[in-house]
Amino acid sequence: MKLTPKEMVVITLVASGYSDKEIGLKLNISYGTVRDYIDKIVLKTQARNRTHAAMLYAKDNPKWLGAIR
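This write-up is about the structure you can find in this document. (Residues numbered from 1 in each chain as written. Predicted model: local features only at pLDDT ≥ 70, side-chain atom pairs only at ≥ 80, totals over all residues. Heavy atoms only, no water.)

### Description of the overall build of the chain
Next, step 1: Counting its secondary structure elements, the chain contains four helices and zero strands.
Next, step 2: In the chain, the succession of helices and strands from N to C terminus is α-α-α-α.
Next, step 3: Taking all 69 residues of the chain together, the buried fraction comes to 33%.
Next, step 4: A total of about 4,400 Å² of accessible surface is found on the chain, and carbon and sulfur atoms cover 55% of it. (Helix = DSSP H or I, 4+ residues; strand = E, 2+ residues; numbered from the N terminus. Buried < 20%, exposed > 50% of the residue type's maximum accessible area, 1.4 Å probe, protein only. Areas by Shrake-Rupley, 256 points an atom, 1.4 Å probe, with all protein chains shown as cover.)

In C-alpha coordinates, the structure reads:
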(Lines give C-alpha, C1' and ligand atoms only; values in the text may rest on other atoms or scores of the structure.)
Protein backbone atom coordinates (compact mmCIF):
# COMPACT_ATOMS: atom_id res chain seq x y z
CA MET A 1 0.00 0.00 0.00
CA LYS A 2 1.43 3.36 -1.05
CA LEU A 3 0.49 6.11 1.38
CA THR A 4 1.73 9.68 1.66
CA PRO A 5 3.97 10.52 4.62
CA LYS A 6 1.06 12.27 6.41
CA GLU A 7 -1.23 9.30 5.76
CA MET A 8 1.45 7.05 7.25
CA VAL A 9 1.47 9.14 10.42
CA VAL A 10 -2.33 9.06 10.63
CA ILE A 11 -2.62 5.29 10.11
CA THR A 12 0.18 4.70 12.62
CA LEU A 13 -1.81 6.68 15.19
CA VAL A 14 -5.00 4.82 14.29
CA ALA A 15 -3.19 1.48 14.64
CA SER A 16 -1.77 2.67 17.98
CA GLY A 17 -5.30 3.20 19.31
CA TYR A 18 -5.76 6.96 19.03
CA SER A 19 -9.25 8.33 18.35
CA ASP A 20 -9.88 10.77 15.50
CA LYS A 21 -10.13 13.62 18.00
CA GLU A 22 -6.82 12.64 19.64
CA ILE A 23 -5.13 12.39 16.24
CA GLY A 24 -6.39 15.87 15.34
CA LEU A 25 -5.08 17.32 18.59
CA LYS A 26 -1.73 15.53 18.25
CA LEU A 27 -1.21 16.67 14.64
CA ASN A 28 -2.85 20.08 15.07
CA ILE A 29 -5.43 19.39 12.35
CA SER A 30 -9.22 19.39 12.46
CA TYR A 31 -11.38 16.36 13.10
CA GLY A 32 -12.70 16.69 9.53
CA THR A 33 -9.19 16.60 8.11
CA VAL A 34 -8.44 13.47 10.13
CA ARG A 35 -11.63 11.87 8.70
CA ASP A 36 -10.53 12.87 5.17
CA TYR A 37 -7.13 11.21 5.68
CA ILE A 38 -8.73 8.06 7.06
CA ASP A 39 -11.24 7.91 4.19
CA LYS A 40 -8.37 8.18 1.68
CA ILE A 41 -6.39 5.51 3.52
CA VAL A 42 -9.38 3.14 3.53
CA LEU A 43 -9.81 3.66 -0.23
CA LYS A 44 -6.10 3.23 -1.02
CA THR A 45 -5.80 0.06 1.06
CA GLN A 46 -9.14 -1.31 -0.14
CA ALA A 47 -10.01 -1.90 3.49
CA ARG A 48 -13.57 -2.30 4.76
CA ASN A 49 -13.16 0.38 7.43
CA ARG A 50 -10.55 2.19 9.58
CA THR A 51 -10.04 -0.83 11.83
CA HIS A 52 -9.39 -3.09 8.87
CA ALA A 53 -6.99 -0.51 7.39
CA ALA A 54 -5.14 -0.35 10.73
CA MET A 55 -4.91 -4.15 10.82
CA LEU A 56 -3.51 -4.24 7.29
CA TYR A 57 -1.02 -1.53 8.18
CA ALA A 58 0.05 -3.28 11.39
CA LYS A 59 0.53 -6.54 9.51
CA ASP A 60 2.78 -4.84 6.94
CA ASN A 61 4.58 -2.53 9.43
CA PRO A 62 4.84 -4.16 12.88
CA LYS A 63 7.88 -2.08 13.86
CA TRP A 64 5.84 1.17 13.61
CA LEU A 65 3.22 0.23 16.20
CA GLY A 66 3.53 2.45 19.21
CA ALA A 67 6.41 4.39 17.66
CA ILE A 68 4.59 7.74 17.87
CA ARG A 69 3.18 7.43 21.39
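### Structural notes on the pattern of salt bridges
Next, step 1: Taken as a whole and assessed by the stated rule, the structure comprises four salt bridges.
Next, step 2: Ionic pairing is found between Arg-35 and Asp-20, a salt bridge with its closest N-O pair at 2.9 Å. Note that Arg-35 is positioned in helix H3 (residues 31-45) and Asp-20 in helix H2 (residues 20-27), a separation of 15 residues in sequence.
Next, step 3: Taking relative accessible area as the criterion, Arg-35 reaches 25% and is therefore assigned partly exposed.
Next, step 4: Among the charged side chains, a salt-bridge network with shared partners connects Asp-20, Arg-35, Asp-39 and Arg-50. (Salt bridge = Lys/Arg side-chain N within 4 Å of Asp/Glu carboxyl O.)

### Points about the packing of H3 against helix H4 (residues 50-60)
Next, step 1: At a minimum axis separation of 9 Å, H3 and H4 run at an interaxial angle of 65 degrees. The way H3 lies across H4 gives a crossing that is left-handed. Residues Arg-35, Ile-38, Ile-41, Val-42 and Thr-45 of H3 form the contact with H4, whose participating residues are Arg-50, Ala-53 and Leu-56.
Next, step 2: Taken together, the residues of the contact of H3 with H4 sort by class into five nonpolar, one polar and two charged. (Axes fitted to C-alpha atoms, helices over the stretch in contact; angles between N-to-C directions. Left-handed = near helix turned anticlockwise from the far one by under 90°. Contact = heavy atoms within 4.5 Å. Nonpolar A, V, L, I, M, F, W, Y, C, P; charged D, E, K, R; others polar.)

### So, the side chain of Glu-7
Next, step 1: Mapped onto the secondary structure, Glu-7 falls in helix H1 (residues 5-15).
Next, step 2: Polar contacts involving the side chain of Glu-7 include one to the side chain of Lys-44, which spans 2.8 Å.
Next, step 3: In contact with Glu-7, not counting residues within four places along its chain, are Tyr-37, Lys-40, Ile-41 and Lys-44. (Polar contact = N/O pair within 3.5 Å; in protein donor to acceptor, adjacent residues only side chain to side chain.)

### Topic: unusual backbone geometry
Excluding glycine, most residues fall at negative phi; most peptide bonds, likewise, are trans.
Next, step 1: Despite not being glycine, Asn-28 has its phi angle at roughly 60 degrees, a positive value.
Next, step 2: Within the secondary structure, Asn-28 sits in the loop between H2 and H3.
Next, step 3: Non-glycine residue Gln-46 carries a positive phi angle of around 60 degrees.
Next, step 4: With respect to the helices and strands, the residue Gln-46 is situated in the loop between H3 and H4.

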